[in-house]
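Working through the structure, step by step
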Amino acid sequence: MSMSDDEFAMITREIEASRANERRLVGKVLLALAVVAVVIIVRWRWAA
Amino acid sequence: MGAASMVEWVLVVFVLLGAVPFVVGASQYLAVALHGHRNHYDKAAPFLPRTAILVPAWNEALVLETSIDQLMRLEYPRDRLRIYVVDDASTDNTPALLAAKSAQYPGSVFHLRREIGGQGKSHTLNHGLDVILADDWMEALLIMDADVVYEPDSLRKMTSHLADPAVGAVTAYIKEGSRPGTYLNRFIGFEYVTAQAIARRAQNVLGAMACLAGGAQLHSRANLEALGGRIDTSSLAEDTITTFDTELSGRIVVFEPNAVVWAEEPGQIEGLWKQRVRWARGNVQVTRRYKHVWCRPSKTHSLGSISFALLWFTTLLLPLFMVLSSAGLVILYFMDSDVARSAFRGLWISNALCWVFTTTLALLVDPSTARRSWREALMFPGLISVAIMIYTCIPRPIGWTVDELTDAAGVHLTTGQHSGIALFFYCWVSMCMVAAYLVYRLERAVGARSGVHTRRARWSGQLIYIVGFGPLLCAITFTAYIKELRGAAQVWEKTEKTGQVGLRT
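The structure contained in this document is the topic of the report that follows. (Residues numbered from 1 in each chain as written. Chains lettered and ligands numbered in written order. Predicted model: local features only at pLDDT ≥ 70, side-chain atom pairs only at ≥ 80, totals over all residues. Heavy atoms only, no water.)

As for the overall build of chain A
Keep this limit in mind: Per the convention used, a helix needs a DSSP run of H or I reaching at least four residues, while a strand needs a run of E reaching at least two, with both numbered from the N terminus. Under the scheme applied here, a residue whose accessible area is under 20% of the maximum for its type counts as buried, over 50% as exposed, and between as partly exposed, the area being computed with a 1.4 Å probe on protein chains only. Here the Shrake-Rupley method, with its probe set to 1.4 Å, supplies the accessible areas, and only the displayed protein chains count as covering residues. Charge counting follows a simple rule: Lys and Arg are positive, Asp and Glu are negative, and His as well as the terminal groups are ignored. Taken as the charge location is NZ of Lys, CZ of Arg, CG of Asp or CD of Glu.
A tally of helices and strands in chain A yields two helices and zero strands. Across its three principal axes, chain A shows a C-alpha extent of roughly 70 × 15 × 10 Å. When the 48 residues of chain A are sorted by exposure, 23% land in the buried category. Accessible area for chain A stands at about 3200 Å²; split by element, carbon and sulfur atoms hold 66% of it. Charge separation in chain A, taken as the distance between the mean sites of 7 positive and 6 negative side-chain charges, equals 23 Å.

Below, the structure is given as structure tokens:
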């Protein structure tokens, strides 16, 4: 299979970008959990 | 422990079963956090195999032009790409369109014609496979639907995973792309974030993929040959069967969330109902067919893991859990209303927390869909269920408000009326499915009287905001159970496409 160096480098960068994109998901999960924590606190405060 | 107390505990367990699918669902969302580290990118590499694209088409003239043109714009070497469209005895303009496209893209677009068609998608695919596998040009095969439009970089993002010979197949992130789209398309758009962007990442983490999307499944030649070069024709779930067989033979199936393709989905409940009953019946068939796989861990695949069985069966059995939960609440109410109230609150607080977590994360994971579908995301369980969740989480302010409103209106509820309201909400856990079914019937009835695509028909369908899109999907699954139990005929009902699909950002 023939692939130029430029093509190879570009696709390698794409794979790296995809990998980095997936690593950012940890922050999103933590943010969603923080929202749940807020709901729990609100629930607890109003129930008291 | 007395017999009555024992029965109460059993009923409480029944009630809490209603929360199990949501808790298991939320656990998938937690698994998404691991996808940054448990993924296949370490073994992916630049790889551009000679790829044949197989497109089954029956009366698809409205959609094929866009999808073929977009395929020819793929950022992929032209000499390593061939498109084979299998025309399943179309009676519309499909043959003429394909002749024109073959002339426009010589050596790239091939028109294969079945003179006798109508047997279903898998037969059409097998016709194309026979031709493609007959010579050794093809190194990878992409199976897609005629209406699907590919982002320019999507194919090479998928093929990079095939650089690892252990990978048998790769699927992409299918997004809802109808333009301008209806309220239902926006619901489906959000649903696809949960069912694909989230659930399939979690399945990557587990190492067990439930299904290669029919609109975007890339196979290595070795995998296709190991599968006998045929697609299963005996069920309504050929995609899932291909996926399972790939994994059972020890090959990996990868979901590539950054390869995005766009598909046109039904704009009205009637079309969605047909499509999803077919899918749900297929899942019931798969469950039976692979009964020797469930909960039997294996060294060659992860389909037999307990965690995958939990994901599969909690989704499949969701309608049953809802019925059991509701029945438990109603019986408990007549035995001990205080216990019923506590169980109800426990169930809905649990559901509320799962809903907040899953909805927030789904909106964060796909911001472009979030901008388009945030209302549908919030109303996915339906307005009534959302109101119940808010009430169970913050009962006092809601209770005060209701008291204020009823006092201001001069309405004073009797004990019997209070009981009626309580029973309504206890029944709602399962009756929401009946309500969703009634919305479907109403849309059909109005559509039949005034025309399927009239504003009035669309308006009646929008009652789904009150009843919930989730309950609609559960009602469809329930219908699939009934059809399978009755042994109803397997009819391949084509989903109507209009060609109003395109790339979105």
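That covers the picture; the talk isn't over yet.
So, the pattern of salt bridges
Residue and element names in this part refer to chain B. Worth spelling out the cut-off: In the sections that follow, a salt bridge refers to a side-chain nitrogen of Lys or Arg positioned within 4 Å of a carboxyl oxygen of Asp or Glu.
In this structure the tally under the stated criterion is 26 salt bridges over all chains. For Glu-238, the salt bridge is made with Lys-121, and the minimal N-O distance between the two is 3.9 Å. One end of the pair, Glu-238, is in helix α9 (residues 238-248); the other, Lys-121, is in helix α5 (residues 121-133), and 117 residues separate them in sequence. According to the relative accessible area criterion, Glu-238 is buried, its value standing at 3%. Looking at Lys-121, the relative accessible area reads 11%, which means it is buried.

A word on the sheet that holds strand β5 (residues 149-150) of chain B
Going by this rule: We treat two strands as partners when DSSP finds at least two bridges between them.
Strand order in the open sheet formed by eight strands is β3-β2-β1-β4-β7-β6-β8-β5 (chain B), and the pairing between neighbours is mixed. Each edge of the open sheet is held by one strand with a lone partner, namely β3 (109-114) and β5 of chain B.

Things to note about the pairing of strand β4 (residues 140-143) of chain B
Residues and elements named next belong to chain B. Of the two faces of β4, the one carrying Ala-140 and Leu-142 and the one carrying Leu-141 and Ile-143 are both buried. With four bridges joining them, strand β1 (residues 51-57) and β4 adopt parallel strand pairing. Bridge pairing in β4 links Thr-51 to Ala-140. Looking at chain direction, β4 and strand β7 (residues 217-220) are connected through four bridges and run antiparallel. Bridge assignment links Ala-140 to a residue of β7, and that residue is Ser-220.

Some points on the packing of helix α12 (residues 318-335) of chain B against helix α13 (residues 337-365) of chain B
The relative placement of two packed helices is expressed as an angle between their axes plus a distance between the axes. All names here are of chain B. What counts, and what does not: Working convention: axes come from line fits to C-alpha atoms, limited for helices to the stretch in contact. Angles between N-to-C directions cover 0 to 180 degrees. The scheme is simple: roughly parallel for angles under 35 degrees, roughly antiparallel for over 145, roughly perpendicular for 65 to 115, oblique for anything else. When checking whether two residues touch, look at their non-hydrogen atoms; a contact exists if any pair is within 4.5 Å. Following the grouping adopted for this structure description, the nonpolar residues are Ala, Val, Leu, Ile, Met, Phe, Trp, Tyr, Cys and Pro, the charged ones are Asp, Glu, Lys and Arg, and the polar ones are all others, Gly among them.
Following both chains from N to C, one finds α12 and α13 inclined at 150°, their axes separated by 6 Å at the closest point. Comparing their axes, α13 and α12 come out roughly antiparallel. Of the residues in α13, those in contact with Ser-325, Leu-329, Leu-332, Tyr-333 and Met-335 of α12 are Ser-337, Val-339, Ala-340, Ala-343, Phe-344 and Leu-347. In the contact of α12 with α13, the residues fall into nine nonpolar, two polar and no charged.

Remarks on the interface of chain A and chain B
Note the threshold: Reported buried area values correspond to the accessible surface (1.4 Å probe) lost by two parts on association, with both partners' losses combined. Nitrogen and oxygen atoms within 3.5 Å of one another constitute a polar contact, given that in protein one can donate a hydrogen and the other can accept it, and given that sequence-neighbouring residues count only through two side-chain atoms.
With 31 residues of chain A at the interface, the matching set in chain B holds 41 residues. Taken over both partners, the interface formed by chain A and chain B buries close to 3000 Å², and the fraction arising from carbon and sulfur atoms is 70%. On the surface where chain A and chain B come into contact, there are three salt bridges. The residue A:Glu14 makes a salt bridge to B:Arg156 at a minimum N-O spacing of 2.3 Å. Linking chain A with chain B are nine residue pairs in polar contact (both at pLDDT 80 or more), by the criterion used here. For the side of chain A that touches chain B, the elements supplying multiple residues, two or more each, are α1 (5-23) and α2 (25-47) of chain A.

Some words on unusual backbone geometry
All names here are of chain B. Pro-180 follows Arg-179 through a cis peptide bond whose omega is 0°. By the secondary structure assignment, Pro-180 is in the loop between β6 (167-176) and α7 (183-206). A positive phi angle, near 55°, is found at Cys-295, a position not held by glycine.

Describing a nonpolar patch on the surface
Short version of the rule: Like-charged residues are merged into a patch within 9 Å and nonpolar side chains (Val, Leu, Ile, Met, Phe, Trp, Tyr) within 5 Å, provided each residue has over 30% relative accessible area and no salt bridge.
Together, B:Met6, B:Val10, B:Val13, B:Phe14 and B:Leu324 make up an exposed nonpolar region whose accessible area comes to about 390 Å². Turning to its location among the elements, B:Phe14 is positioned in helix α1 (residues 3-17).

Quick word on the nonpolar core
Residues and elements named next belong to chain B. As a reminder, the rule being used: Joining through side-chain atoms within 4.5 Å is the link that ties buried Ala, Val, Leu, Ile, Met, Phe, Trp, Tyr and Cys residues into a set, and such a set is a nonpolar core.
Ranked by size, the top nonpolar core spans 120 residues in total, and within it Ile-53, Leu-64, Tyr-150, Met-158, Phe-469 and Leu-472 carry the most contacts. Look past the residues within four positions of Leu-472 in its chain and what remains in contact with it is Ile-269, Leu-272, Trp-273, Ala-436 and Ile-464. Within the second largest apolar cluster, 15 residues are counted, among which are Ala-208, Ala-237, Phe-308 and Trp-312.

Worth remembering: the numbers are spatial, not functional.
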